[in-house]
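Chain by chain, the residues run as shown.
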Amino acid sequence: MSNVQVAVVTGSNKGIGFAIVRALCKQFQGDVYLTSRDPSRGQAAVAQLQEEGLRPLFHQLDIDDLQSIRALRDFLKEKYGGINVLVNNAGIAFKVQDTAPFAVQAEVTLKTNFFGTRNVCTELLPLMKPYGRVVNISSMASSKSLGGCSQELQQKFRSDTITEEELVQLMTKFVEDAKKGIHEKEGWPNTAYGVSKIGVTVLSRIQARVLNEQRKGDHILLNACCPGWVRTDMAGPKAPKSPDEGAETPMYLALLPSNADAPHGQFVSDKTVQPW
Ligand code: NAP
C-alpha cells in the first residue's frame with residue numbers, strides 16, 4: 001500500500017471540477033485523481049493537463065452508478081488505505097429553456113445532485129483519513145431556494161437534529177410531489193436544481209455533525225460551498241468567473257491546514273461562511 005496522500009474530484013473532466021484538479025496538481029502534495037463517468041472524456045482531460053506539465057491520474061466514476069462508486073472505493077482502499085481530500089463536484093442542471101416536464105427534471109436532477117452525491121459519501125466517507133477534507137459543491141441556489149420553501153420545510157432544513165434518513169425522505173417526497181403536480185402546494189419552490197442543492201447543503205451539515213459525534217479525534221473537516229457563477233457548459237459564457245476562479249473556494253476548503261478546526265459543517269461562498 002502506498003503512503004502517498006490522495007485527492008479525488010468527482011465530475012472533473014470539464015468545468016469547475018477540471019479546474020479543481022488543475023489547482024490540486026499544483027498545490028496538493030500527493031496523487032490527484034481526475035474522474036469522469038466517460039473514460040474517453042476523462043482521458044482527454046488528463047491529456048490536456050499533461051500538456052500543461054501536470055500529472056493527474058484517472059479513474060472512472062459515474063455517481064449515478066453504485067457499482068462504479070464501489071469500484072473506486074475498493075481501488076482507493078487497496079492502493080492508498082483511504083482518502084485525504086474528496087471533492088464532490090459532479091452535478092447537472094437542466095437549461096432554463098429545456099421543455100422536459102418539471103416532474104422529469106425533478107427526478108433526474110435529484111438523482112445525480114442529491115442521491116448520487118449521497119451515495120458517493122456513503123461509500124467514501126468511511127475511507128477519509130485523519131485530517132481529511134471533504135468539499136461538497138452546492139450552490140447559492142440552495143440558500144435562495146430555502147427561502148422559497150414553506151416555513152415548515154425551512155424549519156426542517158435548518159434543524160440541527162435532522163437525520164440523513166429524514167433528509168432522504170424529504171428529497172424523495174419532493175420528487176413524488178413533483179410527479180403528482182402538487183409540489184408547490186406542498187411548500188416546495190419551483191426549482192429542481194435549487195431543491196437538489198438544498199439537499200447537498202443539508203446533507204453536509206448532517207455529515208459534519210455525525211463526524212463530530214463519531215470521529216471527533218480525527219480532525220476531518222467537511223463543508224458545502226458555492227463556487228460562484230462560473231463560465232462552464234452548465235452556466236454558459238456570460239458568467240463572470242473563470243473555472244480557475246470558481247475553483248478558489250473549493251480549494252480553500254480542500255486545503256484547510258491541519259491545525260484548523262473550522263469551518264466545519266458550513267455553507268461557504270467566497271471563502272466566507274454564509275448564514276443558512
Ligand atoms: P459542467 O461544466 O456541466 O460540469 C459538470 C461535471 O459533472 C462534468 O464533468 C459532468 O460529466 C459531471 N457529471 C454530471 N453527471 C455526472 C455523473 N452522474 N457522474 C459523474 N460525473 C457527472 O458544470 P460546472 O459548472 O463545472 O459544475 C460543477 C459543479 O458546480 C456542479 O455541482 C454545479 O451544480 C456547481 N455549480 C456551478 C455553478 C456555475 O456557475 N457554473 C454555480 C454554482 C454551483 P460529463 O461531461 O460526462 O457530463
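Our subject is the structure listed above.
What counts, and at which threshold
- Residues numbered from 1 in each chain as written.
- Predicted model: local features only at pLDDT ≥ 70, side-chain atom pairs only at ≥ 80, totals over all residues.
- Heavy atoms only, no water.
- Near = heavy atom within 4 Å.
- Polar contact = N/O pair within 3.5 Å; in protein donor to acceptor, adjacent residues only side chain to side chain.
- Helix = DSSP H or I, 4+ residues; strand = E, 2+ residues; numbered from the N terminus.
- Nonpolar A, V, L, I, M, F, W, Y, C, P; charged D, E, K, R; others polar.
- Disulfide = S-S within 2.5 Å.
- Buried < 20%, exposed > 50% of the residue type's maximum accessible area, 1.4 Å probe, protein only.
- Axes fitted to C-alpha atoms, helices over the stretch in contact; angles between N-to-C directions.
- Parallel < 35°, antiparallel > 145°, perpendicular 65-115°, else oblique.
- Left-handed = near helix turned anticlockwise from the far one by under 90°.
- Contact = heavy atoms within 4.5 Å.
- Pairing = 2+ DSSP bridges.

Asks: Got a minute to help me understand the site of the ligand in this structure?
Replies: Around the ligand lies a shell of 29 residues, among which R37, N89, Y193, V230 and T232 are the nearest. In the model, an oxygen atom of the ligand is placed 2.7 Å from a nitrogen or oxygen of the R37 side chain. Counting only elements with at least two residues in the shell around the ligand, the list comes to α1 (15-27) and α8 (192-214). Among the residues making up the shell around the ligand, the classes are represented as 12 nonpolar, 10 polar and seven charged.

Asks: I keep staring at the state of the cysteines and nothing clicks. Help me out?
Replies: This structure, assessed with the given rule, holds zero disulfides. You can see C121 has no disulfide; the closest cysteine sulfur is in C225, sitting 13 Å from it. Its relative accessible area of 2% is what places C121 among the buried residues. There is no disulfide at C149, and the cysteine sulfur nearest it, in C226, is 17 Å away. Judged by relative accessible area, which is 6%, C149 ranks as buried.

Asks: It is not clear to me how the packing of helix α4 (residues 102-124) against α8 should be interpreted in this structure. Could you clarify?
Replies: A pair of packed helices is characterised by two quantities: the angle between their axes and the separation of those axes. Packing of α4 against α8 brings their axes to within 8 Å, and their N-to-C directions diverge by 20 degrees. As far as their axial angle goes, α8 and α4 are roughly parallel. The way α4 lies across α8 gives a crossing that is right-handed. Note on element contacts: α8 touches α4 through A192, Y193, S196, K197, G199, V200, L203 and Q207, opposite F102, Q105, A106, T109, L110, N113, F114, R118 and C121. For the contact of α4 with α8, the per-class residue count stands at nine nonpolar, six polar and two charged.

Asks: Any chance you could explain the sheet that holds strand β7 (residues 267-269) here in plain terms?
Replies: Note on sheets: strands pair through backbone hydrogen bonds, and any given pair is parallel or antiparallel. The mixed open sheet is built from eight strands, whose spatial order is β3-β2-β1-β4-β5-β6-β7-β8. In this open sheet, the two edge strands, each paired with only one partner strand, are β3 (57-60) and β8 (272-274). Pairs of neighbouring strands in the sheet enclose a mean axial angle of 30 degrees, with direction left out of account. Bridge count between strand β5 (residues 128-137) and strand β6 (residues 221-226): five bridges; the pairing is parallel. Bridging across to β6, V134 finds its partner in L222. This element, α1, spans β1 (6-9), β2 (31-36), β4 (83-88) and β5 of the sheet and lies at about 165 degrees to β2. Sitting on the sheet, α8 touches β5, β6 and β7, and the angle it makes with β6 is about 165 degrees.

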